[in-house]
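# Fold and geometry: a report
These are the residues of each chain, in order.
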Amino acid sequence: AQKVTQAQTEISVVEKEDVTLDCVYETRDTTYYLFWYKQPPSGELVFLIRRNSFDEQNEISGRYSWNFQKSTSSFNFTITASQVVDSAVYFCALSEAPGANSKLTFGKGITLSVRP
Amino acid sequence: DTEVTQTPKHLVMGMTNKKSLKCEQHMGHRAMYWYKQKAKKPPELMFVYSYEKLSINESVPSRFSPECPNSSLLNLHLHALQPEDSALYLCASSQEGHLSYEQYFGPGTRLTVT
């Protein structure tokens, strides 16, 4: 069975601080996909990134970066120089390879508050 | 600008009412989804439509009835709901119907059942 653990439930930082959101996953499949979604107070989930299990290259997109490490089954998300607009709930999710029993499992989410 | 739209934004209904939630996507995607999200919880998948056919039903009670008139539209018909069905209902779409594809979400309908 697959599982996603976001051990941090709430994080509060002051604007311009860097913050890392942790995500640890469990799966028996060798082919799988990892995602991060952002849910601001408005309610809409916003897709941030998708990674497949064969691509361990780290990714940077503006102030956002992701560190995928298969050795520790982690897919952590760092926001550099945080801003108030980054305040949201962030979900990490895992999907195994397409198939009849394919599932998408979300972590419980991390509530990030960025104070001015 | 969101390319997945949902109406209405808010809905209050009694337990004997019949109502429908609507979703439309403008990205040419072939798969659409319904999720239910309770406060401070992750979204829970309800239904998946792929190429206008229902491909996944996560054992959802029959008081929720999905419909996909075409690849751009998705409805969720509600009848005889219970107060515990009050939640945020999210629609999403993806390029294909595999859960390995990234999904694009609408703003949701906040449903209150009285």
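This one's a predicted model, so the numbers in the text were calculated from it and none came from an experiment.

### Regarding the state of the cysteines
Residue and element names in this part refer to chain A. Evaluation of the coordinates by the stated rule reveals two disulfides over all chains. Covalent S-S linkage joins Cys23 and Cys92, the inter-sulfur distance amounting to 1.9 Å. The sign of the -65° torsion about the S-S bond sets the Cys23-Cys92 disulfide as left-handed. Of the two residues, Cys23 is situated in the loop between strand E3 (19-21) and strand E4 (24-26) and Cys92 in strand E10 (residues 88-96); the sequence distance between them amounts to 69 residues. Summarising the burial analysis for this pair, Cys23 and Cys92 share the class buried.

### A closer look at the pairing of strand E4 (residues 31-37) of chain B
Residue and element names in this part refer to chain B. For E4, the buried fraction is high: seven of the seven residues fall into the buried class. Across the two faces of E4 the burial is the same, with Ala31, Tyr33, Tyr35 and Gln37 and Met32, Trp34 and Lys36 all buried. Judged from the six bridges that link them, E4 and strand E5 (residues 44-50) form a sheet pairing that is antiparallel. Each bridged residue has a counterpart across the sheet, and for Tyr33 the counterpart in E5 is Val48. Hairpin geometry of E4 and E5 is characterised by an intervening segment of six residues between the two adjacent antiparallel strands and by a positive phi of about 60° at Lys40. Both E4 and strand E9 (residues 87-94) contribute to a ladder of seven bridges, which runs antiparallel. Its bridge partner being in E9, Gln37 is matched across the sheet by Leu88.

About the thresholds
- Residues numbered from 1 in each chain as written.
- Chains lettered and ligands numbered in written order.
- Predicted model: local features only at pLDDT ≥ 70, side-chain atom pairs only at ≥ 80, totals over all residues.
- Heavy atoms only, no water.
- Disulfide = S-S within 2.5 Å.
- Helix = DSSP H or I, 4+ residues; strand = E, 2+ residues; numbered from the N terminus.
- Buried < 20%, exposed > 50% of the residue type's maximum accessible area, 1.4 Å probe, protein only.
- Pairing = 2+ DSSP bridges.

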